[in-house]
Amino acid sequence: MANLILVTGGTGFIGSHTVVELQQAGYDVIIVDNLSNSKIEVVDNIAKITGKRPEFENFDLSNRADVLNFFLRHKDIKAVIHFAAFKAVGESVNKPLEYYRNNVNSLMNILEAMKFTGVHNLVFSSSCTVYGQPEKLPVTEATPRLPAESPYGNTKAVNEDIIRDFCHANADINGIALRYFNPIGAHPSALIGESPVGVPNNLVPYITQTAAGLRKELSIFGNDYNTPDGTPIRDYINVVDLSKAHVVAIARLLNGKNKSNYEYFNIGTGKGLSVMELVNAFMKATGVNLPYKIVARRAGDIEQIYADTTLANNELGWKAEVPIEDTLASAWNWEKHVRGIK
Ligand code: UD1
């Protein structure tokens, strides 16, 4: 029988792509998601892509009793990938307790239930936000973490620490945190992708919605940064490439290849791209003319960050493969699919 993997948040953006990659690598998947920021139709679309319907349960992972009850009913789970979390940076500033209660309690409930029911392996969805604005680029895993800019960012840092401490106290629990840079794009089938609610905060969904005519123009938040063209630099990682990093992390844990029982890896392309370069790459990849204007900087934005991915390359045998133009074309194809644009 195939190994069963629990994917929390498996109907979300990165979660759904990871479920696809896990199934295609031969794993069985059970999703837990409370659909607070996603739709049940995602499960149908995963089944369309892979030919196999993942199991699905809808409940809130911040409820301790429900989590324990779930693990007691599913004794065959071999590993957990924990995506389920609130993720809106701005909202987290206004609703800190909601963010800590949801993001931190869910993780603690999962770890406790894993220990109680003998599930040993966890992959956690972390973020490059834990580095803040680093002094030296690219960032390696040895780059010091800086205080988080938002409650959302802090839940990532705190959750990393909780996993580290729990693994330290429990030699039989293995954790891997993956620090994602900026995940973008969509599945090449255009059946799953990113579905922000309301006006998108993130760059690529705003671009594709502008291209689709839902937004008048893109606002570029500042061109007076200390970068070659003045716009901020990020490391944009294709969501399918990113999902594959989870599959290799799971295999590493199940095969006992981890070098310590808590590890963390940068998951990016290793290449920094400015906002302006990304906008130009989008127009080149899609042939769509994108209206934009330069406006003031956005509060809380850092100037530049990109990953050194040597550790993930060497230890996980993983590297980003999809060219940026293909990634941006996939994001556009998904937007067209959602809007019914031919
Ligand atoms: C943010 C979070 C990160 C989170 C990620 C995905 C911080 C510091 N970063 O990354 O933790 O994982 O979202 O949710 O909290 N931009 C524009 N116009 C727009 C939108 C964005 O010019 O309409 C620019 C931004 O100034 C930035 C770049 O595009 O330079 C990327 O922005 P965004 O996609 O929001 O991601 P980050 O802020 O890098």
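Residues numbered from 1 in each chain as written. Predicted model: local features only at pLDDT ≥ 70, side-chain atom pairs only at ≥ 80, totals over all residues. Heavy atoms only, no water.

(A) Here's a closer look at the nonpolar core. Ranked by internal contacts, the top residues of the largest apolar core, which has 36 residues, are Ile-5, Leu-22, Val-123, Leu-178 and Ile-267. The biggest single contributor to this core is helix H8 (residues 239-254), with 8 residues. Once residues within four sequence positions are removed from consideration, Val-123 is found in contact with Val-80, Ile-81, His-82, Ile-176, Leu-178, His-246, Ala-249, Ile-250 and Leu-253. In this structure, Val-80, Ala-113, Leu-122 and Phe-124 belong to the second largest nonpolar core, which totals 27 residues. (Core = buried A, V, L, I, M, F, W, Y, C linked by side-chain atoms within 4.5 Å. Buried < 20%, exposed > 50% of the residue type's maximum accessible area, 1.4 Å probe, protein only. Helix = DSSP H or I, 4+ residues; strand = E, 2+ residues; numbered from the N terminus. Contact = heavy atoms within 4.5 Å.)

(B) Seen up close, unusual backbone geometry. Here the amide bond leading from Leu-137 into Pro-138 is cis, since omega sits at -5 degrees, within 30 degrees of zero. One can find Pro-138 in the loop between strand E5 (121-127) and helix H6 (151-169). For Leu-35, which is not a glycine, the phi torsion comes out positive at approximately 60 degrees. The topology assignment puts Leu-35 in the loop between strand E2 (28-32) and helix H2 (41-50).

(C) Molecular detail of the packing of aromatic side chains. What the rule picks out here adds up to 6 aromatic pairs. An aromatic cluster is present here, built from Phe-59, Phe-70 and Phe-71 joined pairwise through their rings. Just above the ring of Tyr-225 sits the side chain of Arg-297; from NZ or CZ to the centre is 3.9 Å. (Phe/Tyr/Trp six-rings, centres within 6.5 Å; stacked < 30°, edge-to-face > 60°. Lys NZ or Arg CZ within 6 Å of the ring centre and 35° of its normal.)

(D) Here's a closer look at the pattern of salt bridges. Applying the stated rule across the entire model yields 20 salt bridges. Two residues, Asp-172 and Lys-115, come together in a salt bridge whose shortest N-O distance is 3.1 Å. With Asp-172 in the loop between H6 and strand E6 (174-180) and Lys-115 in helix H5 (residues 96-117), this residue pair connects regions lying 57 residues apart in the sequence. Taking relative accessible area as the criterion, Lys-115 reaches 35% and is therefore assigned partly exposed. Put simply, Arg-145, Glu-160, Asp-161, Arg-164, Asp-165 and Arg-179 are held in one network by salt bridges that share partners. (Salt bridge = Lys/Arg side-chain N within 4 Å of Asp/Glu carboxyl O.)

(E) Highlighting the side chain of Glu-141. Structurally, Glu-141 is set in the loop between E5 and H6. Buried and unpaired, Glu-141 has no salt bridge, with Arg-179 as the nearest side chain of opposite charge at 6.8 Å. At 2.7 Å, the side chain of Glu-141 and the backbone nitrogen of Asn-266 are in polar contact. Contact partners of Glu-141, with chain neighbours within four places excluded, come to Tyr-131, Arg-179, Tyr-264, Phe-265, Asn-266, Asp-308 and Leu-311. (Lys, Arg positive; Asp, Glu negative; His and termini not counted. Polar contact = N/O pair within 3.5 Å; in protein donor to acceptor, adjacent residues only side chain to side chain.)

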